[in-house]
Amino acid sequence: MGLSGQKVTLRYTIAAEDFISAGEASSHVKKTLNKLGIRHELIKRFTIAMYEAEINTVIHASGGEAYVEITPEKLMVKISDNGPGIPDIEKAMMEGWSTAPEHIREMGFGAGMGLPNMKRYADDLAVESEVGVGTVVTITVYLS
Amino acid sequence: MLVRDIVKTLDAEILTGEENLELDIQAGCGADLMSDVMAFVKDNVILLTGLINVQVVRTAEMMDIKVVCFVRGKQPTEQIIELAKSKGITILSTKNPMFIACGLLYKAGLTGRGVWD
Ligand SMILES: Nc1ncnc2c1ncn2[C@@H]1O[C@H](COP(=O)(O)OP(=O)(O)OP(=O)(O)O)[C@@H](O)[C@H]1O
Ligand SMILES: [Mg+2]
């Protein structure tokens, strides 16, 4: 399998409150990108960012959806949820800022590093959110 | 530092992933919060953690981390070991607590830093 000019799209449902299966979408994307022969370093950056966003929909919203688009130019994933939304995105982007309760920290999340990590690893990161409506995170890594 | 020597240094038990014993590890990352691990950029890393759940293995998978060591003698569930096995990730368990485990590896020469360390 190789990327010969065409577009590959993938869709996933991220189950609500399912901490065990959280990350399966990112894992499947990683496998797919490996098969497509994408450069390792780019796969790593893309899937870490996607995994952070996937985990966020599980721990902060009640699950969501992921839509992945792979073209010869770029890797793109849009992760959307109908959760509580983020009141102050600027604050949420700061290293160490987290509203995760104690039981989430006990599961290894809540360092307040997820969004900063997404920013660090993605070439482009867009966070759109409305309180009471939901959040859409778009992560892009360019291939060229 | 070879995984084989890490096992000796930590007096660790190998729970899965004997195939990685000859891998050369350049740096260690000790953390209980997974996003802290994901902020650590470096190849050929061993992850030491006191956290026991499947997301540790997922994090290792995303980070291309091939060796995970659980500290304080914690025993992972069969589900964790099976997931690691399917991803080709070695799982070790040491009775040493985090601070001592990190210190032993550092003293033995595993002194590599992460990119933003
Ligand atoms: N999908 C989302 N829905 C609602 N709130 C969110 C969402 N994603 C992030 N947030 C808010 O932004 C904060 C910061 O997110 P970030 O991912 O950086 O840290 P965290 O998830 O709290 O901890 P970590 O990612 O380090 O485990 C969260 O604590 C939460 O308040
Ligand atoms: Mg997060």
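The notes below deal with the structure included here. (Residues numbered from 1 in each chain as written. Chains lettered and ligands numbered in written order. Predicted model: local features only at pLDDT ≥ 70, side-chain atom pairs only at ≥ 80, totals over all residues. Heavy atoms only, no water.)

**Observations regarding the overall build of chain B**
- Secondary structure assignment for chain B yields 5 helices and 5 strands.
- Along chain B, helices and strands appear, N-terminal first, in the series α-β-β-α-β-α-β-α-β-α.
- In terms of C-alpha radius of gyration, chain B reaches 12 Å, essentially the compact-globule figure of 13 Å for 117 residues.
- C-alpha extents for chain B along the principal axes are approximately 30 × 30 × 25 Å. (Helix = DSSP H or I, 4+ residues; strand = E, 2+ residues; numbered from the N terminus. Rg over C-alpha atoms; globule rule 2.2 N^0.38 Å.)

**Focus on the site of ligand 1**
- The environment of ligand 1 is formed by 22 residues, the closest being A:H60, A:S98, A:T99, A:G110 and A:M113.
- Surrounding ligand 1 are residues belonging to chains A and B, so the site spans chains.
- A distance of 3.0 Å separates an oxygen atom of ligand 1 from a polar backbone atom of A:G114.
- Coverage of ligand 1 by the protein chains reaches 95% of its 600 Å² of free accessible surface. (Near = heavy atom within 4 Å. Polar contact = N/O pair within 3.5 Å; in protein donor to acceptor, adjacent residues only side chain to side chain. Areas by Shrake-Rupley, 256 points an atom, 1.4 Å probe, with all protein chains shown as cover.)

**Things to note about the nonpolar core**
- Among the nonpolar cores identified, the biggest contains 65 residues, and A:L33, A:F46, A:V68, A:I139 and B:V68 are the most heavily contacted of them.
- Core analysis: the second largest hydrophobic core is formed by 18 residues, B:L10, B:L48, B:A101 and B:L105 among them. (Core = buried A, V, L, I, M, F, W, Y, C linked by side-chain atoms within 4.5 Å. Buried < 20%, exposed > 50% of the residue type's maximum accessible area, 1.4 Å probe, protein only.)

**Describing the interface of chain A and chain B**
- The partner chain B presents 24 residues to the 26 residues of chain A that form the contact.
- Carbon and sulfur atoms supply 56% of the area buried between chain A and chain B, which totals about 2,100 Å² over both sides.
- Seen at the junction of chain A and chain B, the total is 3 salt bridges.
- Between A:E24 and B:R58 there is a salt bridge, with its nearest N and O atoms 3.9 Å apart.
- Seen at the junction of chain A and chain B, the total is 17 residue pairs in polar contact (both at pLDDT 80 or more).
- Looking at the side of chain A that touches chain B, the elements that each hand over two or more residues are α1 (24-35), α2 (40-59) and α5 (114-121) of chain A.
- Top contributing element to the side of chain A that touches chain B by residue count: α2(A), with 6 residues.
- When grouped by side-chain class, the residues that make up the side of chain A that touches chain B number 11 nonpolar, 7 polar and 8 charged. (Contact = heavy atoms within 4.5 Å. Buried area = accessible area lost by both parts, 1.4 Å probe. Salt bridge = Lys/Arg side-chain N within 4 Å of Asp/Glu carboxyl O. Nonpolar A, V, L, I, M, F, W, Y, C, P; charged D, E, K, R; others polar.)

**Examining the packing of aromatic side chains**
Residues and elements named next belong to chain A.
- Counted according to the given criterion, the structure contains 1 aromatic pair over all chains.
- For the pair F19 and F109, a centre-to-centre distance of 5.9 Å together with 75° between the ring planes defines the contact as edge-to-face. One end of the pair, F19, is in the loop between β1 (8-14) and α1; the other, F109, is in the loop between α4 (102-105) and α5, and 90 residues separate them in sequence. (Phe/Tyr/Trp six-rings, centres within 6.5 Å; stacked < 30°, edge-to-face > 60°.)

**A look at the packing of α2(A) against α5(A)**
Residue and element names in this part refer to chain A.
- It is the contact of α2 with α5, at a shortest axis distance of 9 Å, that shows an interaxial angle of 155°. Classed by the angle they form, the pair α2 and α5 counts as roughly antiparallel. Considering the relative orientation of α2 and α5, their crossing is left-handed. Of the residues in α5, those in contact with R45, I48, A49, E52, A53 and N56 of α2 are G114, L115, N117, M118 and Y121.
- Class assignment for the residues of the contact of α2 with α5 results in 6 nonpolar, 3 polar and 2 charged. (Axes fitted to C-alpha atoms, helices over the stretch in contact; angles between N-to-C directions. Parallel < 35°, antiparallel > 145°, perpendicular 65-115°, else oblique. Left-handed = near helix turned anticlockwise from the far one by under 90°.)

**Concerning the environment of B:N96**
All names here are of chain B.
- Structurally, the position occupied by N96 is in the loop between β5 (90-93) and α5 (98-107).
- In this structure, N96 is in contact with L10, V71, R72, A101 and L104, ignoring residues within four places of it in sequence.
- Looking at N96, its side chain comes within polar contact range of the main-chain oxygen of L10, at 3.2 Å.
- At 3.1 Å, the side chain of N96 forms a polar contact with the side chain of T94.

**Considering the pairing of β5(B)**
Residues and elements named next belong to chain B.
- Side-chain alternation along β5 places T90 and L92 on one buried face and I91 and S93 on a second face that is also buried.
- For strand β1 (residues 13-16) and β5, the ladder comprises 3 bridges, and the chain directions are antiparallel. Considered in β5, the bridge of T16 is made with I91.
- Note: strand β4 (residues 67-70) against β5, 4 bridges, orientation parallel. Looking across to β5, one finds that F70 is bridged to S93. (Pairing = 2+ DSSP bridges.)

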